[in-house]
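Chain by chain, the residues run as shown.
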Amino acid sequence: MSQPQPIDSRRPSGKDAPTYAPFVAPATDEDAMGEENLDRELKEGEKTEDQEWDPELNRLLKNNKEWVDHTNKHHPGFFKMMAAGQQPHYLYIGCSDARVNPGQLMGLKQDELFVHRNVGNLCPNDLNFLSVLEYAVNFLHVPHIIVCGHYDCGAVRNSVKKQDIGLLENWIRNIRDVQRLHAGELNEITCTEVKHRRLVELNVIEQCINIFKTSAVQRHRVTTAGDSNRKYPFSTPRIHALVFDPADGILKKLDINWKEEVARYQHIYDLC
């Protein structure tokens, strides 16, 4: 996929654009001393009655301060740029899995992604997801929507098991539906792991199709297709299917034959 031009011309792009990888401060003797000082302060009764100190939270606040200092030193003006507002180029829909950091995964800056994450990277008739989609398409005008799944996905693995996992089952059933829709292909795969990886991919593809069905996306694509002054040489938003492998860090594009998919289901889902 070629790298599109950034929306905001005030911001540097290409090789001149700085990337802002997460700053992780190395552990030092001062960290240990800081924890000892904190323990001493608490023992001396300096904690107020309504203040619940959590050493883990204290560590996060300390890391944040060091990240701010590091960013101000190496990228002056960064926070001024961030305060000017957001103009993301992509809506990213991914899994909540802790191993996936979407900005770092794709080498993007903080303001380039508008992010929605849930268990199993699903795009159902869910008010939370639909609100994010509506805002991204009609207010932020993102030209690209990415659905990104990942191999070794717990949601996908649990969707093929005969079990009742309570409330979560109502959510996981969306992936069971993907398995039903593609049962013919999946039943031909004898290797459990190969079948899992293919179901991960099919789930991503079906979620992309779910996005294409929505009125927000259809309406915007029709509007931009007929706009002679449109910013891009294509109707927007475009929808992309990606999958990430935590074992090697590689991001893979999944092919969707949109002409074939639209021709097959247009008479059912066309709204505009």
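Since the model is a prediction, treat every value here as computed from it, not as a measurement. (Residues numbered from 1 in each chain as written. Predicted model: local features only at pLDDT ≥ 70, side-chain atom pairs only at ≥ 80, totals over all residues. Heavy atoms only, no water.)

Visitor: Account for the overall build of the chain, naming residues and giving values.
Guide: Along its length, the chain carries eleven helices and five strands. Per-residue burial for the chain yields a buried fraction of 35% across its 272 residues. Counting only carbon and sulfur atoms, one obtains 52% of the accessible surface of the chain, whose full area is about 16,700 Å². (Helix = DSSP H or I, 4+ residues; strand = E, 2+ residues; numbered from the N terminus. Buried < 20%, exposed > 50% of the residue type's maximum accessible area, 1.4 Å probe, protein only. Areas by Shrake-Rupley, 256 points an atom, 1.4 Å probe, with all protein chains shown as cover.)

Visitor: If you had to explain the side chain of Asn118 to someone new, which residues and values would you point to?
Guide: You can see Asn118 is positioned in strand β2 (residues 113-118). A polar contact of 3.2 Å, which involves the side chain of Asn118, links it to the backbone nitrogen of Asn121. Setting aside chain neighbours within four positions, we find Asn118 in contact with Gly94, Cys95, Ser96 and Trp171. (Polar contact = N/O pair within 3.5 Å; in protein donor to acceptor, adjacent residues only side chain to side chain. Contact = heavy atoms within 4.5 Å.)

Visitor: Describe the nonpolar core, and please don't skip the residues or the numbers.
Guide: Among the nonpolar cores identified, the biggest contains 38 residues, and Leu91, Ile93, Leu133, Ile145, Val147, Ile211 and Val217 are the most heavily contacted of them. Going through the elements one at a time, β1 (90-95), α5 (127-138), β3 (144-150), α6 (154-159), α7 (168-181), α9 (192-213) and β4 (238-244) are the ones with two or more residues in this core. Sort the elements by how many residues they give to this core and α9 lands first, with eight residues. Apart from the residues within four sequence positions on either side, Ile145 is in contact with Leu91, Ile93, Leu133, Val137, Ile211, Val217, Pro237, Arg238, Ile239 and His240. If you look at the next biggest cluster of nonpolar residues, it comprises nine residues, including Tyr90, Cys148, Leu242 and Phe244. (Core = buried A, V, L, I, M, F, W, Y, C linked by side-chain atoms within 4.5 Å.)

Visitor: Describe in detail the sheet that holds β4, supporting the description with residues and values.
Guide: Read across the sheet, five strands follow the order β2-β1-β3-β4-β5 without closing on themselves; strand pairing throughout is mixed. A single partner strand is all that each edge strand has here, and the edge strands are β2 and β5 (251-254). Strand after strand, the sheet turns through a mean of 25 degrees between neighbouring axes, direction not considered. Sheet strands in contact with α5 are β1, β2 and β3, and its direction is about 170 degrees off that of β2. (Pairing = 2+ DSSP bridges. Axes fitted to C-alpha atoms, helices over the stretch in contact; angles between N-to-C directions.)

Visitor: Run through the packing of α9 against helix α11 (residues 258-269), naming residues and quoting values.
Guide: For any two helices packed against each other, one specifies the crossing angle of their axes together with the interaxial distance. Direction vectors running N to C along α9 and α11 enclose 50 degrees, while the axes themselves pass 11 Å from each other. Compared by their axis directions, α9 and α11 come out oblique. The way α9 lies across α11 gives a crossing that is right-handed. Here Cys208, Ile209, Phe212 and Lys213 of α9 come into contact with α11, specifically with Trp258, Glu261, Val262 and Tyr269. Across the contact of α9 with α11, the residue classes break down as six nonpolar, no polar and two charged. (Parallel < 35°, antiparallel > 145°, perpendicular 65-115°, else oblique. Left-handed = near helix turned anticlockwise from the far one by under 90°. Nonpolar A, V, L, I, M, F, W, Y, C, P; charged D, E, K, R; others polar.)

Visitor: Got a sec to walk through the state of the cysteines? Specific residues and values, please.
Guide: As enumerated under the stated definition, the model contains zero disulfides in all. Free of any disulfide, Cys148 has its nearest cysteine sulfur in Cys95, 9.4 Å distant. (Disulfide = S-S within 2.5 Å.)

Visitor: Talk me through the environment of Lys231; I want residue IDs and the actual numbers.
Guide: By the secondary structure assignment, Lys231 is in the loop between α10 (215-225) and β4. Residue classification places Lys231 among the exposed residues on the basis of a relative accessible area of 59%. Lys231 sits 88 residues away from Pro143 along the chain, and the two C-alpha atoms are 9.5 Å apart.

Visitor: Describe in detail the environment of Lys109, supporting the description with residues and values.
Guide: Structurally, Lys109 can be placed in the loop between α4 (102-106) and β2. Overall, Lys109 belongs to the buried group, its relative accessible area being 12%. Taking the C-alpha atoms as reference, Lys109 lies 9.6 Å from Pro88; in sequence the two are 21 residues apart.

Visitor: Would you mind going over the packing of aromatic side chains in detail, with residue names and values included?
Guide: Applying the stated criterion across every chain, the model contains eight aromatic pairs. Measuring from ring centre to ring centre gives 5.4 Å for Trp67 and Phe79, while their planes differ by 90 degrees; the resulting arrangement is edge-to-face. Of this pair, Trp67 sits in helix α2 (residues 55-74) while Phe79 sits in helix α3 (residues 78-83), placing them twelve residues apart in sequence. By relative accessible area, Trp67 is classed as partly exposed at 22%. Arranged with centres 5.6 Å apart and planes meeting at 25 degrees, the rings of Tyr232 and Phe234 form a pair that is stacked. Side by side, Tyr232 and Phe234 carry an identical accessibility label, which is buried. Linked through ring pairs, Trp67, Phe78 and Phe79 together constitute an aromatic cluster. If you follow Arg197 out to its NZ or CZ, it ends over the ring of Tyr151, 3.7 Å from the centre. (Phe/Tyr/Trp six-rings, centres within 6.5 Å; stacked < 30°, edge-to-face > 60°. Lys NZ or Arg CZ within 6 Å of the ring centre and 35° of its normal.)

Visitor: Explain a nonpolar patch on the surface to me, using residue names and the numbers behind them.
Guide: Taken together, the side chains of Leu57, Leu60 and Leu61 present a nonpolar region at the surface, about 290 Å² in accessible area. Tracing the chain through its elements places Leu57 in helix α2. (Patch = residues over 30% accessible without salt bridge, like charges linked within 9 Å, V, L, I, M, F, W, Y side chains within 5 Å. Salt bridge = Lys/Arg side-chain N within 4 Å of Asp/Glu carboxyl O.)

Visitor: How would you summarise α5 if you had to cite specific residues and measurements?
Guide: Each α-helix turn comprises 3.6 residues. Residues three or four places apart therefore point the same way. An ideal rise of 1.5 Å per residue puts 16 Å on twelve residues; α5 measures up with 16 Å between its terminal C-alpha atoms. For α5, the full list of buried residues reads Phe129, Val132, Leu133, Ala136 and Val137. Around the axis of α5, the buried residues are gathered within 120 degrees of arc, so they sit on the same side. The inward-facing, buried residues of α5 abut β1, β2, β3, α9 and α10. (Expected span 1.5 Å × (residues − 1). Arc of directions from axis to C-beta.)

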